[in-house]
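Next come the chains, spelled out residue by residue.
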Amino acid sequence: MSSEALLREMRQRLRDGGLHGCFLVRDLQTGQELGIDPDTPLPAASLVKIPLALATLERIRRGELSGSTMLTVEPGRITSPGPTGLSRFRHPARIAVDDLLYLSTSVSDGTAADALFALTPPAQVAEILREFGLQGISVRHTVRELTETPVERFDAAEAHLAHALAIEAGTSGRGHRVPQLDVTRANSGSARSYVELLQALWTPSAIPPEVAGRVRSLMTDNLLRQRIAPDFSSDASTWSSKTGTLLNLRHEVGVVEHSDGQAFAIAVLTESLVPASTQPDADAVMAQVARALRDHLRQL
């Protein structure tokens, strides 16, 4: 099948699955890539925790922070479904910066991330990205703001109403009545900008090797593996990634490394058009499309 025919088929599969998807798969050895709307910016949700980890580790390398510093972190006390770790704690906890990095990146703990943002604010994270020559990822606010969405105002049985608002209240210019879904106000990025970040972490770049290596390790330890991981994990490959979920947004970016030495950076950013919180079929379609694009590139 030609690349054009495959992309047509995958676009149809996404439509049939109730998804608008932005995909990019890149061979990290050859630079060959295949994508669907890879330059369209979308709100990043928890994907922003990768730039946050990168900036925190770079400041540790510079001696501006210490990974062993103990911080008292107030509990998140969040009871709605989704948040993990300290976000669900009921009492304060003392945790080292190094361990907050693990909780934020590998467990996707929003409260841990905001403790790191208190040390390195969003504007400074964005500046460090620019220092490394990474463009197209906007870091504008902390993670706490992601939890203050319409879904918290409805009972669990009415969560579909918040998802309906998320789907219907956008504008043609990617603005949105929900601030967290407005690309001009939210943390945001495109599939291409996240693949550029992945390439900088996995191949020689301006990012110091010890910093890139730690970020890679945190992503390899990602505990949330229900989305893309089933199609990329095997005894002959390693899948390192970060997910992002917010209202109707479902994202995952990562790198699959094969035992034969091939490695592919994969960014999947999607918007569901179905007003429902739980959509395992959407996760499956995301993975199937990403796998088909990777398989096609691998055969070129």
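Keep in mind it's a predicted model, so treat the numbers as computed, not measured.

Caption draft 1: Region of interest: the side chain of Ser-237. For Ser-237, the location among the structural elements is in strand 7 (residues 237-246). Under the relative-accessibility criterion, Ser-237 is labelled buried at 12%. Polar contacts involving the side chain of Ser-237 include one to the main-chain carbonyl oxygen of Phe-232, which spans 2.8 Å. Within the local environment of Ser-237, its side chain forms a polar contact with the side chain of Ser-234, the two groups lying 2.9 Å apart. When residues no more than four places from it in sequence are discounted, the contact partners of Ser-237 are Phe-232, Val-256, Glu-257 and His-258.

Caption draft 2: Main features of the packing of helix 2 (residues 49-62) against helix 4 (residues 110-119). Running from N to C, helix 2 and helix 4 point in directions that differ by 45°, and their axes come no closer than 10 Å. Taken together, the axis directions place helix 2 and helix 4 in an arrangement best described as oblique. Here helix 2 and helix 4 pass one another in a crossing that is left-handed. On helix 4, the residues that touch Lys-49, Leu-52, Thr-56 and Arg-59 of helix 2 are Gly-110, Ala-113, Leu-116, Phe-117 and Leu-119. Of the residues contributing to the contact of helix 2 with helix 4, the split by class is five nonpolar, two polar and two charged.

Caption draft 3: Summary view of unusual backbone geometry. Of note in the backbone geometry, Ala-45 takes a positive phi value of approximately 50° without being a glycine. Checked against the element boundaries, Ala-45 lands in the loop between strand 3 (42-43) and helix 2. What makes Ala-45 buried here is its relative accessible area of 2%. Phi angles above zero are rare outside glycine, and Leu-247 is one such case at about 50°. Secondary-structure assignment places Leu-247 in the loop between strand 7 and strand 8 (249-258).

Caption draft 4: Just the packing of helix 2 against helix 5 (residues 122-131), in detail. For the pair helix 2 and helix 5, the least separation of the axes is 9 Å and the interaxial angle reads 80°. One element, helix 2, and the other, helix 5, form an angle in the roughly perpendicular class. Only Gln-124, Val-125, Ile-128, Leu-129 and Glu-131 of helix 5 make contact with helix 2, whose side of the interface consists of Pro-51, Leu-52, Leu-54, Ala-55, Glu-58, Arg-59 and Arg-62. A class-by-class count of the residues in the contact of helix 2 with helix 5 yields seven nonpolar, one polar and four charged.

Caption draft 5: Representation of the packing of aromatic side chains in the model. Within this structure, the stated rule accounts for one aromatic pair. Note on Phe-232 and Trp-239: the rings are 5.1 Å apart at their centroids and 20° apart in plane angle, and the pair reads as stacked. Of the two residues examined, Phe-232 and Trp-239, each falls in the buried class.

Caption draft 6: Layout of the nonpolar core. In terms of nonpolar packing, the biggest core is built from 57 residues, with Leu-54, Leu-100, Leu-201 and Ile-207 touching the most fellow members. Other than its neighbours up to four places away in sequence, Leu-201 contacts Ile-50, Leu-54, Ile-207, Ala-212, Val-215, Arg-216 and Met-219. Core analysis: the next-biggest nonpolar cluster, separate from the first, contains 26 residues, Leu-14, Met-286, Ala-292 and Leu-297 among them.

Caption draft 7: Representation of the side chain of Thr-84 within the structure. For Thr-84, the location among the structural elements is in the loop between strand 4 (70-73) and strand 5 (93-96). Here Thr-84 falls in the buried class, since its relative accessible area comes to 19%. In terms of polar contacts, Thr-84 uses its side chain to reach the backbone carbonyl oxygen of Val-107, at 2.8 Å. Ignoring any residue separated from it by four or fewer positions in sequence, one finds Thr-84 in contact with Val-107, Ser-108 and Asp-109.

About the criteria used
Residues numbered from 1 in each chain as written. Predicted model: local features only at pLDDT ≥ 70, side-chain atom pairs only at ≥ 80, totals over all residues. Heavy atoms only, no water. Helix = DSSP H or I, 4+ residues; strand = E, 2+ residues; numbered from the N terminus. Buried < 20%, exposed > 50% of the residue type's maximum accessible area, 1.4 Å probe, protein only. Polar contact = N/O pair within 3.5 Å; in protein donor to acceptor, adjacent residues only side chain to side chain. Contact = heavy atoms within 4.5 Å. Axes fitted to C-alpha atoms, helices over the stretch in contact; angles between N-to-C directions. Parallel < 35°, antiparallel > 145°, perpendicular 65-115°, else oblique. Left-handed = near helix turned anticlockwise from the far one by under 90°. Nonpolar A, V, L, I, M, F, W, Y, C, P; charged D, E, K, R; others polar. Phe/Tyr/Trp six-rings, centres within 6.5 Å; stacked < 30°, edge-to-face > 60°. Core = buried A, V, L, I, M, F, W, Y, C linked by side-chain atoms within 4.5 Å.

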